[in-house]
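Residue-level listing of the chains:
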Amino acid sequence: MGTNSVAVVADLGESFGNYTIGDDRALLELVTSSNIACGFHGGDPRVMDKTVADCVARGIELGAHPGYPDLVGFGRRLIEASEEEIRTDVLYQLGALDAFARVHGGTISHVAPHGRMGSIAQTDAKHARAITDAIAAYNKDYIVICQRGLLAEESRKRGLAVGYVFLADRGYGDDGMPVPRSHEGGLIYDPALIGERCVQVVREGTVRSVDGNVVPLGHDVDLLLLHGDHPTVLENGTSLRKALAGADIRVTGLRDVLAEKAAVLAS
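Residues numbered from 1 in each chain as written. Predicted model: local features only at pLDDT ≥ 70, side-chain atom pairs only at ≥ 80, totals over all residues. Heavy atoms only, no water.

(A) Local environment of the layout of surface pockets. Volume-wise, the largest pocket comes out at about 730 Å³. For the largest pocket, the lining is made up of 28 residues, of which G115, S119, Q147, L167 and R170 are closest to its centre. Looking at the lining of the largest pocket element by element, the count peaks at 5 residues for helix α4 (residues 115-120). Looking at side-chain class alone, the lining of the largest pocket contains 13 nonpolar, 10 polar and 5 charged residues. (1 Å grid on protein atoms, 1.4 Å probe; cavity = no way out; pocket = protein on both sides within 12 Å on 5 of 7 lines; lining within 4 Å. Points joined across faces, edges and corners; volume = space filled by probe spheres on them. Helix = DSSP H or I, 4+ residues; strand = E, 2+ residues; numbered from the N terminus. Nonpolar A, V, L, I, M, F, W, Y, C, P; charged D, E, K, R; others polar.)

What follows is the structure, given as structure tokens:
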């Protein structure tokens, strides 16, 4: 693969009101980048404010994590929305998080569509267009976090940079894409295995599928994602960082990773 560096990102700020989801304080010690909920699938103005402030104080890259307006389903259910509704919902959430970023002296580096909205955008043209139209209209400097598919293609059509993500705690199929959470092996609970898999994808660009086959992802891996609501997320993150250090893989911010990749391609 092209570089020897990767960003580690977690979904943060997904608590809301009296409901606490994940241990953001501990995760902040393990990540270089953040995907911060923008109030639709999780998060609220108080949580967004604190999460942004904590990330800025630690030098952690800020990422917007827009999703469907679905607190009950945590944004993991398909919402039958029009292209215009998806576009304006994403735009609304970008503006909300950017307000907190500006107040705390930070800037948003990337956008990572959440849950069902993000996964369906890999194959559904309506979602891919709506999401990337919103991002491009708001700020063309934002990096779009995705896997291979239509979301990456529509991003490039609009002049948006792409950061390819590997879901560290999720099982993958023989097509090199994540299998549903309900699928056997869809969620990985072995922290040591998570670390081993991530070293493999960064170094070789391959992953062992839920059927036991070694399959190519078809692209470099720029970010390794930890889901903040995973029951063993802290153990997963600790094991991941240890495995990367043992393999001499540099952990840095997403923009550094993409800059290094561009320098390699230009040389």
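Once you've had a look at it, read on.
(B) Highlighting unusual backbone geometry. Located in the positive-phi region is F74, a residue other than glycine, with phi close to 55 degrees. Structurally, F74 is set in the loop between β3 (62-65) and α3 (83-103). Positive phi, close to 60 degrees, is recorded for D248, a residue that is not glycine. In this fold, D248 is placed in the loop between α8 (233-246) and β10 (250-251). A relative accessible area of 60% places D248 in the exposed class. (Buried < 20%, exposed > 50% of the residue type's maximum accessible area, 1.4 Å probe, protein only.)

(C) Quick look at the pattern of salt bridges. Under the criterion given, the structure shown has 12 salt bridges. A salt bridge links D98 to R102, with the shortest nitrogen-to-oxygen separation between them at 2.9 Å. One end of the pair, D98, and the other, R102, are both in helix α3, 4 residues apart, so they sit about a helical turn from each other. Residue classification places R102 among the exposed residues on the basis of a relative accessible area of 62%. In the salt-bridge network here, residues are joined through shared partners; they are D133, E154, K157 and R158. (Salt bridge = Lys/Arg side-chain N within 4 Å of Asp/Glu carboxyl O.)

(D) Structural view of the state of the cysteines. Per the stated rule, a full pass over the model turns up 0 disulfides. C146 forms no disulfide, and the closest cysteine sulfur to it belongs to C38, at a distance of 17 Å. The buried category is assigned to C146, whose relative accessible area is 1%. (Disulfide = S-S within 2.5 Å.)

(E) How the structure looks around the pairing of strand β1 (residues 5-12). With 8 of 8 residues buried, β1 is to be regarded as a mostly interior element. The side-chain alternation of β1 yields two buried faces, one formed by S5, A7, V9 and D11 and the other by V6, V8, A10 and L12. As paired strands, β1 and β10 are joined by 2 bridges and run parallel to one another. Opposite V6, over in β10, you have V251 as the bridge partner. Of the pairings in the sheet, the one linking β1 to strand β9 (residues 223-226) comprises 4 bridges and is parallel in character. Residue pairing for β9: V9 is matched across the bridge by L225. Relative to strand β2 (residues 33-37), β1 is paired through 4 bridges, and the arrangement is parallel. The residue bridging V9 from the neighbouring strand is S33, located in β2. (Pairing = 2+ DSSP bridges.)

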